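Report on the structure
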Amino acid sequence: MTGFREEGEGLLSTPAAPRVLVSAALIACLLVAWPGSLPSAAASLDAQESDLVTAVNSFRTTRGLARLAVSDTLTFASKWMATDMAVYNYFSHTSRDGRAPVQRMSDAGYPGPQTFTGENIAGGYANASEVLNGWINSPAHYAVLTNPNYRAIGVGRAYSESSSYRNYWVMDVGGIVDAATAVPSFDLGYHAAWSGQSPDVTLSPGQTTTLVVALRNIGYRGWYRGFAGQQANLGTADPLDAQRWDLNYGWPSASRIATTTTEYVGPGQVGWFQFQVRGPSTPGRYVLRARGVIDGATWLEDPGVYWTITVR
């Protein structure tokens, strides 16, 4: 493909990744690009993606190399690629639409044509430590990790139970720290619609009761309980992340009311959130507003879920 020059490429198969699948694979690719196009976007890292960035930077600093700054545009490009591979079950540096890494980075708004760019991808690894160790033990990947020309990084991770490797990781790197971008435009595949809920309740001070709400998964990615960045939670709303100590009774936190009752909610399925509230000591009317959230990824649509709790 025109517009870039391959500096190095490698393919490695490794033993099975624990608790994930029977095999795992990695590919490394270093690139130099010529001028191209540049729309912009942004994205945020989930906990495991942040762990990989931290691990990569720790590895580089122990070898006297510069730490890499997180780039919104490279993060966007890597998240897009990881999600595309997981959803459509393939494993390659070339996306289904025929774009090479440098083109995807440029399309995300990164000035790839002006500098060195590189990409490592991994499939089948359960966590950041396993991914980094796999790359360290592969000469082609090691070359990307230790390239002194790089200054910026973006990491993306996606999971699909029906794909060959289930866990897909992408690391995009470049030689320029670009300016931050404002609002993400990438559809991460997480969406929800209201399906039903329990009615409003009347309580005595200190009395507890159970409430439920059902949200239908109308996105193209599943909700996986226990997987950071893919677990659907019920968060407090209006304002988002409000600390509701007044009603909290056994919640994961004062701003996270519950997670799904089942381990997996696939596209088109309904996820149920069940939780308890306790009547505050002061009589009155209390409104609890809630909204679905994939922590580390995005808030889900706001269907206006709320309960009025009357205490008397």
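For the structure itself, look to the data block above.
All values reported here derive from a predicted model rather than from experimental measurement.

A word on the packing of aromatic side chains
All told, the structure shown has 10 aromatic pairs when counted by the stated rule. Between the aromatic rings of Y165 and Y168, the centroid separation amounts to 6.0 Å while the plane-to-plane angle is 70 degrees, which identifies the pairing as edge-to-face. We note that Y165, like Y168, is buried. Over the aromatic face of W80 sits the side chain of R99, whose NZ or CZ is 4.7 Å from the ring centroid. One Lys or Arg, R289, reaches over the ring of Y306 and ends 5.0 Å from the middle of that ring.

Let's talk about the pairing of strand 6 (residues 167-174)
Within strand 6, eight of the eight residues are buried, which leaves it mostly tucked inside the rest of the structure. Burial of strand 6 is two-sided: the residues N167, W169, M171 and V173 facing one way and the residues Y168, V170, D172 and G174 facing the other way are all buried. Sheet topology places strand 4 (residues 116-123) next to strand 6; seven bridges connect them, and they run antiparallel. Across the sheet, the residue bridging to T117 is G174, located in strand 6. For strand 5 (residues 152-159) and strand 6, the ladder comprises eight bridges, and the chain directions are antiparallel. Opposite Y159, over in strand 6, you have N167 as the bridge partner.

Points about the environment of S58
Tracing the backbone shows S58 in helix 1 (residues 47-61). Residue class for S58 comes out partly exposed when judged on its relative accessible area of 35%. Between the C-alpha atom of S58 and that of L68, which follows or precedes it by 10 residues, the distance is 10.0 Å.

So, how was this worked out
- Residues numbered from 1 in each chain as written.
- Predicted model: local features only at pLDDT ≥ 70, side-chain atom pairs only at ≥ 80, totals over all residues.
- Heavy atoms only, no water.
- Phe/Tyr/Trp six-rings, centres within 6.5 Å; stacked < 30°, edge-to-face > 60°.
- Buried < 20%, exposed > 50% of the residue type's maximum accessible area, 1.4 Å probe, protein only.
- Lys NZ or Arg CZ within 6 Å of the ring centre and 35° of its normal.
- Helix = DSSP H or I, 4+ residues; strand = E, 2+ residues; numbered from the N terminus.
- Pairing = 2+ DSSP bridges.

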